[in-house]
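Coordinate inspection notes
The lines below spell out each chain.
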Amino acid sequence: MRISLKIILLLKFNVRALQNIILLSAILTVDDKKFFKDLVPLKFSSVPSLRDTVLVLGFPEGGDSISATNGIVSRIELFPYTKPFLSDNGRNLLAIQIDAALNPGNSGGPVFDNKDQCIGMVFEKLGLAENIGYCIPSDVILHFLQDIDQGRPPRFCDLGFRFQTCENKVLRNYLKLPEKYIGILVTHVYPGHCQGKIFPGDVIVEIDGLEIESDGSVSFEESQELVNKWKDDKLTQNSRGKHKTLRVSFEYLLTRKFVGEPLSLTILRNSQKKLISLSSEFRHYLINPDDSPNHSYFIVGGLVFIPVTEAAVESLSNVDIIGRYFYDNVQIKPLSQLVMLSKILADQMNSSLPDPRAGKLLLKVNDIEVQNLKHVVELVEKNKRSFIKFEFLGGEIMILQSR
């Protein structure tokens, strides 16, 4: 493998961030035009085949000059790019697993195939394993860039429902699935674009006409051909014949769509086949990054309430409980906000109260559902009862004497 490089080491340039959005990545620019003199843009390539050789370039720890490591493609599948309940854009997206040596500092570096074309960008190494690293493939990068070029916030669509596979024969018999049909079982539908069109108990057998196996997978090659029908995608055109046996989760097709593009699902409902037409969408989550330098809080009777932020969730031991709760509750109203009990300060008002651990979600005040932290303040200040009742996720309550 031969890569021609021009590395500028003697000159220093100021870098400015244009976007810092998703995929743990940022879009940078350099204002000094000298930086771009004689530079040739990289050419992107389609998703490689398993066992294809790759070259990783970057500036990892251990030296100041550029580093080059070789490896092969060991796996191609959907992979969680971020914690899904900590980000608006946390999605399982296509990722390429490689065995090239990766170290801190490699992130953001290009990965080349044996034709000197860029197949993706390094973004993660599996910490407790050897020679397992991941790169973001070129089609995900181009989706991201096209959204920005069109003036849209980068978004990757998701399902709008939960599902389980139907590989178990007893389950299939219970669902009375005909032998000729395979697919997945819908177990929960989130508020949003799927609500009222898809229901728990539906079995999804096709997505955009592509058959879904009982393990939830689809043919990757057929998926690429389908994507090529949607758009003039030279990357997928170049990938024909490379992935005959590869299968990926059916969610891959959805991640290749832009927000608002049509989506069709073929389902079995009460043993009847139905075609459902939807619009590809993404869901807003209730927890957002805390970008504000001023942190809001409210103290009453020693109880400290704060909005739930990414930083707060990551510091808690019961993060999964919080995650499951708001993963099922979409941000329908713009002012919706999760509120949690951060800590309990010493105070006569709470001296004999039960002590729920930090991070308990506050659901109601005086039996009224909480909308946000400001709403909590209003409910407490306008309270005319002789007590204030706080109800938390899990059913626990705390009562404060208000007079």
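What you are looking at is a predicted structure, and each value in this text was computed from that prediction instead of being measured. (Residues numbered from 1 in each chain as written. Predicted model: local features only at pLDDT ≥ 70, side-chain atom pairs only at ≥ 80, totals over all residues. Heavy atoms only, no water.)

Within the chain one finds eight helices and 23 strands. In the chain, which comprises 403 residues, the share counted as buried stands at 46%. In the chain, once contacts between residues fewer than 6 apart in sequence are set aside, the share between residues at least 24 apart is 60%. (Helix = DSSP H or I, 4+ residues; strand = E, 2+ residues; numbered from the N terminus. Buried < 20%, exposed > 50% of the residue type's maximum accessible area, 1.4 Å probe, protein only. Contact = heavy atoms within 4.5 Å.)

Close inspection of predicted coordinates is inappropriate in any region flagged by low pLDDT. Averaged over the chain, the pLDDT score is 80; the fraction of residues at 70 or greater is 75%. Confidence drops under a pLDDT of 50 for residues 1-10, and excluding neighbours within four residues, the segment shows 20 contacts in the predicted structure. (pLDDT = per-residue confidence, 0-100.)

On to the pattern of salt bridges, then. In this structure the tally under the stated criterion is six salt bridges. Arginine 269 serves as the salt-bridge partner of aspartate 202, at 2.8 Å between the closest nitrogen and oxygen. Of this pair, aspartate 202 sits in the loop between strand 10 (184-189) and strand 11 (203-207) while arginine 269 sits in strand 15 (residues 262-269), and the two are 67 residues apart along the sequence. The residues aspartate 202 and arginine 269 share a single accessibility class, namely buried. (Salt bridge = Lys/Arg side-chain N within 4 Å of Asp/Glu carboxyl O.)

This brings us to the nonpolar core. Membership of the largest hydrophobic core comes to 54 residues, with the highest contact counts inside it found for Leu94, Phe161, Ile198, Ile204, Phe250 and Leu265. It is strand 5 (residues 92-98) that contributes the most residues to this core, five residues altogether. One finds Phe298, Leu303, Val380 and Ile388 within the second-largest nonpolar core, a separate group that totals 18 residues. (Core = buried A, V, L, I, M, F, W, Y, C linked by side-chain atoms within 4.5 Å.)

Here we take up helix 1 (residues 138-149). In an α-helix, one turn spans 3.6 residues; hence positions three or four apart end up facing the same way. In this model, helix 1 (twelve residues) spans 16 Å end to end at C-alpha, consistent with the 16 Å of a helix rising 1.5 Å per residue. Taken together, the buried positions of helix 1 are Ser138, Asp139, Val140, Ile141, His143, Phe144 and Asp147. Trailing helix 1 by a residue or two, glycine 151 shows a phi angle of about 80°, which is positive. (Expected span 1.5 Å × (residues − 1).)

With that out of the way, let us pick up the packing of aromatic side chains. Evaluation of the coordinates by the stated rule reveals six aromatic pairs. Consider the rings of phenylalanine 79 and phenylalanine 123, whose centres lie 6.2 Å apart with planes at 80°: the pair is edge-to-face. Residue phenylalanine 79 is found in strand 4 (residues 67-80), and its partner phenylalanine 123 is found in strand 7 (residues 118-125); the two are separated by 44 residues along the sequence. The class of phenylalanine 79 is buried, set by a relative accessible area of 12%. Ring centres of phenylalanine 163 and phenylalanine 250 lie 5.2 Å apart, and the angle between their planes is 70°; this geometry places the pair in the edge-to-face category. Residue phenylalanine 163 is located in strand 9 (residues 161-165), and its partner phenylalanine 250 is located in the loop between strand 14 (247-249) and helix 5 (251-255); the two are separated by 87 residues in the primary sequence. Residue classification places phenylalanine 250 among the buried residues on the basis of a relative accessible area of 1%. Counting every residue linked through ring pairs, the aromatic cluster contains Phe79, Phe123 and Tyr134. Taking the ring centre of phenylalanine 258 as reference, the NZ or CZ of arginine 152 above it sits at 5.0 Å. (Phe/Tyr/Trp six-rings, centres within 6.5 Å; stacked < 30°, edge-to-face > 60°. Lys NZ or Arg CZ within 6 Å of the ring centre and 35° of its normal.)

Now for the sheet that holds strand 18 (residues 303-307). Strand order in the open sheet formed by three strands is 17-18-19, and the pairing between neighbours is antiparallel. Unpaired on one side and paired on the other, strand 17 (298-300) and strand 19 (339-344) mark the two borders of the sheet. Neighbour-to-neighbour, the strand axes of the sheet open up by a mean angle of 30°, direction not taken into account. Summarising the sheet, strand 17 and strand 18 pair through three bridges and their orientation is antiparallel. Bridge pairing in strand 18 links phenylalanine 298 to phenylalanine 305. Taken strand by strand, helix 8 (residues 373-381) contacts strand 17, strand 18 and strand 19, and its axis lies near 30° from that of strand 17. (Pairing = 2+ DSSP bridges. Axes fitted to C-alpha atoms, helices over the stretch in contact; angles between N-to-C directions.)

Moving on, we get to empty space enclosed by the protein. A full pass over the atoms with the stated rule returns four cavities of 30 Å³ or more. Considered as a void within the structure, the largest cavity measures approximately 50 Å³ in volume. If you trace the largest cavity, you find it lined by Leu93, Leu94, Asp139, Val140, His143, Phe156, Tyr252, Thr255 and Arg256. Elements with a minimum of two residues in the lining of the largest cavity: strand 5, helix 1 and helix 5. Considering each element in turn, the lining of the largest cavity owes the most residues, three residues, to helix 1. (1 Å grid on protein atoms, 1.4 Å probe; cavity = no way out; pocket = protein on both sides within 12 Å on 5 of 7 lines; lining within 4 Å. Points joined across faces, edges and corners; volume = space filled by probe spheres on them.)

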